[in-house]
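Geometric and topological summary
Residues per chain, in single letters:
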Amino acid sequence: MNDMAHDIGATFAYGAVGIALMAIGYLVVEVTTPGRLGHQIWTEGNKGAALLLGEKLLGVGAIVTTAIVTSDNDLSDGLVDTAVYGAIGIVLMVAAFYFLDLITPGKLGATLVNGETIHPAGWVVAAADVAVAAIVAGAVS
């Protein structure tokens with residue numbers, strides 16, 4: 001019974017770290033794109049903004065999952081590892097975004113959330129974020 005209580009506590013702790021990292025991922029998309037992200041997605045139905053947020057959250061989730069699965073048996077070390085690797089993943093996703101912004105015409109954030117359809121660049125950014133998440137997840141394991 002004591003092991004089960006520990007496992008339940010660990011689940012809530014890892015869940016809290018994962019949710020906090022996803023919230024940071026949300027804020028990163030909010031900062032890198034013009035306008036209010038929530039309004040664009042839920043009120044305006046902006047597919048480009050939804051793609052960016054969705055793939056960012058999936059990427060962070062993949063990194064967090066890998067960090068949890070490969071973490072030490074020590075809960076506190078595992079939580080720190082998960083938070084650190086998740087933060088590294090977010091930083092690298094932001095770096096990839098700004099690199100793409102640097103080498104492409106116009107302002108990438110504005111390009112991705114303007115219009116009623118998903119701009120083709122949205123798929124490039126989504127692929128870059130998923131690739132960065134996979135690289136970080138691979139490095140963690």
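Procedures and definitions
Residues numbered from 1 in each chain as written. Predicted model: local features only at pLDDT ≥ 70, side-chain atom pairs only at ≥ 80, totals over all residues. Heavy atoms only, no water. Salt bridge = Lys/Arg side-chain N within 4 Å of Asp/Glu carboxyl O. Buried < 20%, exposed > 50% of the residue type's maximum accessible area, 1.4 Å probe, protein only. Phe/Tyr/Trp six-rings, centres within 6.5 Å; stacked < 30°, edge-to-face > 60°. UniProt positions renumbered as here; feature names shortened; annotations may be inferred. Helix = DSSP H or I, 4+ residues; strand = E, 2+ residues; numbered from the N terminus.

It is worth spelling out the pattern of salt bridges at this point. Tallying each qualifying case throughout the model produces three salt bridges. For Arg 36, the salt bridge is made with Glu 30, and the minimal N-O distance between the two is 3.9 Å. On the accessibility criterion, Arg 36 (59% relative accessible area) is exposed. Residue classification places Glu 30 among the buried positions, given a relative accessible area of 13%. A salt bridge links Lys 107 to Asp 101, with the nearest nitrogen and oxygen atoms 3.1 Å apart. Looking at Lys 107, the relative accessible area reads 55%, which means it is exposed.

Using the criterion set out here, one finds one aromatic pair in the structure. Measuring from centroid to centroid gives 5.6 Å for Phe 97 and Tyr 98, while their planes differ by 85°, and the two rings are edge-to-face. Tyr 98 sits in the partly exposed class, given a relative accessible area of 41%.

Residues annotated by UniProt as "transmembrane region" (unreviewed entry) correspond here to residues 12–29, 49–70, 82–100 and 120–140. The annotated region residues 82–100 carries 100% helix and 0% strand content, and the separation between its end C-alpha atoms amounts to 27 Å. Taken as a whole, residues 120–140 contains 100% helix and 0% strand, while its terminal C-alpha atoms sit 31 Å from one another.

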